[in-house]
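Chains, contacts and geometry: an overview
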Amino acid sequence: MSRSATAPPRTPPSPLPAAPPTSTQAGRFRPELHGLRGLAIGLVVLYHVWFDRVSGGVDVFLFLSSFLLVGTFLRRIDRGERTRPAAYWGRTFKRLLPPTAVVSLATLAGVYLILPPERWMPALDDAIGSLLHVENWVLIQRGVDYYAAAETGPSAFQHFWSLSIQGQVFLAWPLLIALGVLLARVLRRSVRSVLAVLFALVLVLSFAWSVHSTATQQDIAYFDTFARLWEFAAGSLLGLLLPAWEERAAERRHSRDQGLDRGQGRDRGQDRSRGRHRGPASAVSPWRVLAGWAGILGLVSCGLLIDVQGAFPGWIAAWPLAAAGLVLVVGTTGHRLGVDQLLATGPAKVLGDISYGLYLVHWPLLTLYLAHTGKQRAGVLDGLLLILVSLAAAWLLTRLVDTPIRRWPWASAKAWRSGAVALTCLVLGLAPALAAQQHLIAQQREAEARVVADNPGARVLDPDFTVHPDADPSAEPLPTAALMGSDWVSGEEECTGDLAPQGQEQEQLDPICRTVPGPEGAPVVVSVGNSRLEQFSASLIELAKKEGWTLVTLWKGGCAYTPDATLEEPDCNGFSADAKAYLERIDADAVALNTTFMNRDGTETIMPGMETTLPQLAATGTQVVAMRDLPRMPFDPPACTAEKGADDPDCAPPLAEPLQQERPDAELLAAADGAVVPLEVNDLVCPDDVCTPVIGNVVVSLDDDHLTGTYAASMQDAVGARLRDGGFHW
């Protein structure tokens, strides 16, 4: 779903709001709104299960939730009551959190039973983000994070992103309305006019940002609260204007009916003599009937005719909003052909009743089923079964959890009681997730405490290595499977002082510049390049600590350091240019960089521009470590070992042929006449030209492109010896 450097999830699920009372400002029940909710969630489920698309229902639900929210507060204002945001929060989250907590815990159980251990920690992060209503920001962070690329498949919690946005608005909107009431008093204006201005301002600003962000960073915009606020503002404006419009329309109809009745009285005798009978004076206009069906047709066709996933939430999101708005404006016609008759039928009502539960349960059931079976999409029969199971689970969730707590008289009697129930559900949902998260971390730390004895890693390749007398032959390999995805290498602190990026360097380097600080005044070594060099640099970090140096990291995923060449990626060119300016300014004592590159087609080439870059660096007196690139595996080694076992020969491919030959930059290094220190560690990664997935009880590869930080750190002794032999001086 997240469109980013990571493998994006296929289908971002649509959100479903909680089910506030479906009424207008005057408190009139709107069966067409309740039915519209049921229809929309039905479309969401059908699109997800069988069409692998999104329906645009997300935008409809955001729109409807704000329409109802504004109606709730307007009724309170009309009665002369205070807005009391805290009371609203208590009642709202008392309704939202109990089903959320139950589904979150059930989904975690499914993840534990079905998904591999490396998916557990991200699922726990998602569960916590969902309960705290910040899951959209969790997904944004993961989506723009190059280092989350190893995660495959959509999260079973992915559908909570929209509910998180909704929860954030449920927190912010009451404050905005309270501000509007205050401004109305100060300015001596009507509350509705002030609120209309505020909502219009939010709509314009958010819509402009949404259009811009969708065009420039759609992977972020899709989940961005600020890019979605205009949809809430549109629903709020309709909630302000529609009741007044309906009242005026009712007055016009009443006046017209009175006039017609008087006319009928005068002509009654004449009508009888002519054998005619007048129909109802307030007959429904056929245009209202047609408009209602046009709204439903627009909603149903939205996901089929446009790329909702790739185009939203920019201006095109106005399509489903307009469709839903049209249904609401048409309202209850009472006409036998009106769309409101369809939306008020028993099935539509039942679907509306369980819509919140159905939205919550259908996505985890679908994603876990597909993960278990290895399918990309459900077929006709298993898809139908999934829908039936989802309907049953949603009915049980509504009947046993949602309805009893929502109608609990004690909890609803006072605002603080509602808040207490919401807080209790939040704690009950968070506690198991946090406990499981800490348990996994504790397991890793316990294993790390015995790393010297049980997990020597690359040290076993030393001819003088001896097994530790306290070694446990049954010890689990490191990193543990549950924390494999987080075994990325990073600096410890942000760059500060003279080592902080300055001027033009800041935009590119500020977010990535980190240090592993040594003593004050310590020599500085900079590791600069892509994520493959980053992972290897775990060994350099350990050596720098041991030797009392400060190590600076300048790593950008997917971008090698090539300052004297122009690549196709403008962002990478900017990174290299700024990194070069940084190195010249700080006058580093040593620089480590890749001078060769292992291409995905199996060839190894010299990094572009190295014939210029290396002499320039060496001429400054800086020690240069020229790192040969590491192997790329033909598959994901952790996935292979999870399926077949670490000893299966299918999980131990041979070292790529080019890496078994002389490095392509050999002549370039020879021309440096000792000013550049060559470094190669592929025999440590693939001993005897075989890339064994586990060495010394340490997992070697994080994925098909990167070493684990744990294994790279275990290479420190061998790397230190090779640097000394090459002429490097600490």
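Calculation notes
- Residues numbered from 1 in each chain as written.
- Predicted model: local features only at pLDDT ≥ 70, side-chain atom pairs only at ≥ 80, totals over all residues.
- Heavy atoms only, no water.
- Disulfide = S-S within 2.5 Å.
- Helix = DSSP H or I, 4+ residues; strand = E, 2+ residues; numbered from the N terminus.
- Salt bridge = Lys/Arg side-chain N within 4 Å of Asp/Glu carboxyl O.
- Buried < 20%, exposed > 50% of the residue type's maximum accessible area, 1.4 Å probe, protein only.
- Pairing = 2+ DSSP bridges.
- Contact = heavy atoms within 4.5 Å.
- Axes fitted to C-alpha atoms, helices over the stretch in contact; angles between N-to-C directions.
- Phe/Tyr/Trp six-rings, centres within 6.5 Å; stacked < 30°, edge-to-face > 60°.
- Lys NZ or Arg CZ within 6 Å of the ring centre and 35° of its normal.
- Patch = residues over 30% accessible without salt bridge, like charges linked within 9 Å, V, L, I, M, F, W, Y side chains within 5 Å.
- Areas by Shrake-Rupley, 256 points an atom, 1.4 Å probe, with all protein chains shown as cover.
- Expected span 1.5 Å × (residues − 1).
- Parallel < 35°, antiparallel > 145°, perpendicular 65-115°, else oblique.

**A closer look at the state of the cysteines**
In total, this model carries 4 disulfides according to the counting rule given. Note that Cys495 is cross-linked by a disulfide to Cys513, the S-S spacing being 2.0 Å. Since a negative S-S torsion denotes a left-handed disulfide, the Cys495-Cys513 link at about -85 degrees is left-handed. With a gap of 18 residues between them, Cys495 in the loop between strand S1 (493-494) and helix H19 (505-509) and Cys513 in strand S2 (residues 513-516) connect regions that are remote in the sequence.

**Considering the pattern of salt bridges**
In a structure, side chains of opposite charge can pair up when their charged atoms sit close to one another. Scanning the model with the defined rule gives 22 salt bridges in all. Its salt-bridge partner being Asp353, residue Lys349 comes within 3.2 Å of it at the nearest N-O pair. With Lys349 and Asp353 both in helix H13 (residues 346-353) and 4 residues apart, the pair spans about one turn of that helix. In this structure Lys349 comes out as partly exposed when scored by relative accessible area, which is 46%. Among the salt bridges present, the one from Arg722 reaches Asp683, with a minimum N-O distance of 2.7 Å. In this pair, Arg722 sits in helix H28 (residues 716-725) while Asp683 sits in helix H26 (residues 682-685), placing the two residues 39 residues apart along the sequence. One salt-bridge network, in which partners are shared between bridges, spans Asp59, Arg228 and Glu231.

**Concerning the sheet that holds S1**
The 7 strands are arranged S1-S2-S4-S3-S5-S8-S9 in an open sheet whose pairing can be described as mixed. Two strands in the sheet have a free side with no partner beyond their single neighbour: S1 and strand S9 (676-679). Here S1 runs beside S2; their pairing, made up of 2 bridges, is antiparallel. Bridge pairing links Glu493 to Thr515 in S2. Sheet strands touched by helix H22 (residues 570-586): S2, strand S3 (524-529), strand S4 (550-555) and strand S5 (590-594). Its angle to S3, the strand with the most contacts, is close to 170 degrees.

**Some thoughts on the packing of aromatic side chains**
For the structure shown, the criterion picks out 17 aromatic pairs. Plain terms: the ring middles of Tyr112 and Trp120 are 5.0 Å apart, the flat faces sit at 40 degrees to each other, and that makes the pair tilted. Seen in terms of ring centroids, Trp173 and Phe232 are 6.1 Å apart; in terms of plane orientation they differ by 55 degrees. Their pairing is tilted. Placement of Trp173 in helix H6 (residues 160-187) and of Phe232 in helix H8 (residues 225-274) is noted, with a sequence separation of 59 residues between them. Judged by its relative accessible area of 0%, Phe232 is buried. The aromatic ring of Phe73 is capped on one face by Arg76, whose charged end is 5.1 Å from the ring centroid. A cation sits over an aromatic face here: Arg228 above Tyr222, 4.8 Å from the ring centre.

**Observations concerning a nonpolar patch on the surface**
A surface patch of nonpolar side chains, amounting to about 450 Å² of accessible area, comprises Leu132, Val134, Trp137, Trp209 and Phe226. Relative to the helices and strands, Trp209 resides in helix H7 (residues 191-221). Residue class for Trp209 comes out partly exposed when judged on its relative accessible area of 35%.

**Comments concerning helix H4 (residues 120-131)**
The first and last C-alpha atoms of H4 sit 17 Å apart over 12 residues, in line with the 16 Å expected at 1.5 Å per residue. Taken across its 12 residues, H4 has 10 buried, putting it largely inside the fold. Burial in H4 covers these residues: Met121, Pro122, Ala123, Leu124, Asp126, Ala127, Ile128, Gly129, Ser130 and Leu131. Of the residues trailing H4, His133 is marked for its positive phi of about 60 degrees.

**Remarks on the packing of helix H1 (residues 31-51) against helix H14 (residues 355-373)**
The interhelical angle for the contact between H1 and H14, taken along N-to-C directions, is 5 degrees, at an axis separation of 10 Å. Between H1 and H14, the angle falls in the class roughly parallel. When H1 is examined against H14, the residues Arg37, Ile41, Val44, Val45, His48 and Val49 are found in contact with a partner set consisting of Ser355, Leu358, Tyr359, His362, Trp363 and Leu366.

**Some remarks on the environment of Val526**
Note on placement: Val526 falls in strand S3. You can call Val526 buried: its relative accessible area is 0%. Taking the C-alpha atoms as reference points, Val526 and Thr515, 11 residues apart in sequence, are found 9.0 Å from one another. Residues contacting Val526, with those up to four places away along its chain left out, are Val552, Leu554, Leu583, Ile586, Ala588, Ala590, Val591 and Ala592.

Take it as geometry only, folks, not as evidence of what the structure does.
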